[in-house]
Each structure stands twice: as C-alpha cells, then as structure tokens.
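The lines below spell out each chain.
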Amino acid sequence: MALYLNVSSVTNAMRGRSLLEGNGIHATVSRALEPDGTNGCGYSIRVQERDAERAEKLIRSIGIPIRGKRTEAGES
C-alpha cells in the first residue's frame, strides 16, 4: 500500500522526491486530492507504506512542512 505526504507546492514536492530518491526511497509526485476525489491546492509525494516513517523524517529534515497524510484508502 502507498502513503501520500501532502506538501504545499510543486517545488517542495520535487525537492522531497529528489531527496527520497537519493536515499533509496522510490517516490512519485502528483496533485493532492481532496476527500471527494477532486484536485486539491497542493501536491503529494507518494511512497510505499514501508518507507513512510523514514520518508517523512527525511522530508522534514530539510524544512519541508507536511500538510497532511493519506493512504490509498483515505485520510490517515
């Protein structure tokens, strides 16, 4: 299962993805989704659930705030 880490901008999403990839964590970037399935106003970094805790720590370590998290099934 995947976990989506929501960030405020495409710049932060791309910085986060680059950091994660450089640390051996596969990550992808997409538009954040609202609970009703429509596009939100931020971006998400998608990682595998097994990498989620490490990914979150790495992203926060470079000053990128995480605005929310959700699994493929919904909010977490």
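One can find the structure itself at the top, above this paragraph.
Residues numbered from 1 in each chain as written. Predicted model: local features only at pLDDT ≥ 70, side-chain atom pairs only at ≥ 80, totals over all residues. Heavy atoms only, no water.

### Remarks on the pattern of salt bridges
Scanning all chains against the criterion turns up three salt bridges. In this structure, E53 engages K57 in a salt bridge whose closest nitrogen and oxygen atoms are separated by 3.4 Å. Of this pair, E53 and K57 are both found in helix α2 (residues 52-61), four residues apart, which corresponds to roughly one turn of the helix. As far as burial versus exposure is concerned, E53 and K57 are alike and both exposed. Taken together, the shared-partner salt bridges in this structure form one network comprising E56, R60 and K69. (Salt bridge = Lys/Arg side-chain N within 4 Å of Asp/Glu carboxyl O. Helix = DSSP H or I, 4+ residues; strand = E, 2+ residues; numbered from the N terminus. Buried < 20%, exposed > 50% of the residue type's maximum accessible area, 1.4 Å probe, protein only.)

### Concerning the pairing of strand β1 (residues 2-7)
Most of β1 sits inside the fold, with six of its six residues counted as buried. Of the two faces of β1, both are covered, the one formed by A2, Y4 and N6 as well as the one formed by L3, L5 and V7. As paired elements, β1 and strand β4 (residues 68-71) share four bridges and run antiparallel to each other. When the sheet's bridge partners are listed, Y4 is paired in β4 with R70. (Pairing = 2+ DSSP bridges.)

It is worth stressing that arrangement in space is one thing and function is another; only the former is reported here.
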